[in-house]
Amino acid sequence: MLLILLGGALVTKTGSGMGCGRHWPGCNGELIPSVITPEVLIEFSHRVVTGSVSILIVLLAIFAWRWIGHIRETKLLSISAIFFLVLQALVGAAQVLWGQGDFILALHFGISLISFASVLLLTLLIFEVDRKFKADQLAISSALRKNTIGVALYSYIVIYTGALVRHTDSSLVCLDWPLCNNGDFSLPSNMYQWIQMGHRTAAALIFIWIGLILWHVMKHYRNEKVLVKGWLIAFIIVSLQVTSGMFVVLTSLNLYVALLHSLFISLLFGLLCYMVLLISRSSKQKTDF
């Protein structure tokens, strides 16, 4: 699933989305393209990886349903992994065949992320990671529960605005960082600057939010190693995400930096989903004050 996510990002960032023309699932009127250009290679490889991984995910869902179906999250995650994988493939196909608006196409990466997170959580359940961390023995306050769920949901807004920046070609509309024009605090002057600065603002807020959650956990849950380490890793990843976003601008869309930017947000979303799973397993309430 991570290969699908990064492959999709590579297709977008290299402008290879029409490498196979208006043909799907074939490529330029052929099942296997005979003329290979860089754009064809990137787009066709992404389709091959998506198709291959799709088979593996279906098998994973079937076996998980059969062997660990008694675990309450298994069936929902199995259905979610397959449903959103198919949905992202259909959105991609619709873009190739008919074209889609930027605001619709920006959903593509986020849809793939839900499938990725479902597969990740299924994997953790199979390896009984929650039992190793004794999640059912955690005592978690209502405030931490709400903030965990809230920041996980909010991360999807950050993801969508980032995808929108990419699909509207707004990545370099502001050549400075963190402000748009040489430290000028004036409001954005066009839609593209609004999209770019909106994403930067959303990213800054999630950085602050996760930092505050980490501070709260280290103050009130210092003996719960899984919570301390989980939120510490989340803060490290979001810091790398913000830093890579800065370098995407300063390096004028360096491909490797841009792919790292996509990787970090994928890892962060997966980790936040796992933290939601952990708190859902907790059967005890705690008062922090």
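Named according to an unreviewed UniProt entry, the protein chain is Heme A synthase originating from Paenisporosarcina cavernae. Check the Pathway (unreviewed entry) section of the UniProt entry for the protein chain; it says "Porphyrin-containing compound metabolism; heme A biosynthesis; heme A from heme O: step 1/1." If you open the UniProt record of the protein chain and go to Catalytic activity (unreviewed entry), you find "Fe(II)-heme o + 2 A + H2O = Fe(II)-heme a + 2 AH2".

1. Points about the pattern of salt bridges
Counted by the stated rule, this structure contains two salt bridges. As a salt-bridge pair, glutamate 43 and arginine 47 come within 2.9 Å of each other at their nearest N and O atoms. Pair noted here: glutamate 43 and arginine 47 are both in helix α2 (residues 38–67), with a separation of four residues, about one helical turn. Like glutamate 43, the residue arginine 47 is buried in the burial classification. One salt bridge in this structure joins arginine 72 and glutamate 73, with 2.9 Å as the shortest N-O distance. The exposure class assigned to glutamate 73 is buried, which follows from its relative accessible area of 12%.

2. Some details on the state of the cysteines
Applying the stated criterion across every chain yields a total of two disulfides. The disulfide partner of cysteine 20 is cysteine 27, and the gap between their sulfur atoms is 2.0 Å. Because the sign of the S-S torsion sets the handedness, a value of about -85° for the bond joining cysteine 20 and cysteine 27 places this disulfide among the left-handed ones. One disulfide in the model links cysteine 174 with cysteine 180; its S-S distance is 1.9 Å. Residues cysteine 174 and cysteine 180 are joined by a disulfide whose S-S torsion is about -80°; by sign, that bridge is left-handed. For the residue pair cysteine 174 and cysteine 180, the accessibility class agrees, reading buried in each case. What connects to what in the protein chain, once the bonded cysteines are numbered by sequence position, is 1-2, 3-4.

Thresholds applied
Residues numbered from 1 in each chain as written. Predicted model: local features only at pLDDT ≥ 70, side-chain atom pairs only at ≥ 80, totals over all residues. Heavy atoms only, no water. UniProt positions renumbered as here; feature names shortened; annotations may be inferred. Salt bridge = Lys/Arg side-chain N within 4 Å of Asp/Glu carboxyl O. Helix = DSSP H or I, 4+ residues; strand = E, 2+ residues; numbered from the N terminus. Buried < 20%, exposed > 50% of the residue type's maximum accessible area, 1.4 Å probe, protein only. Disulfide = S-S within 2.5 Å.

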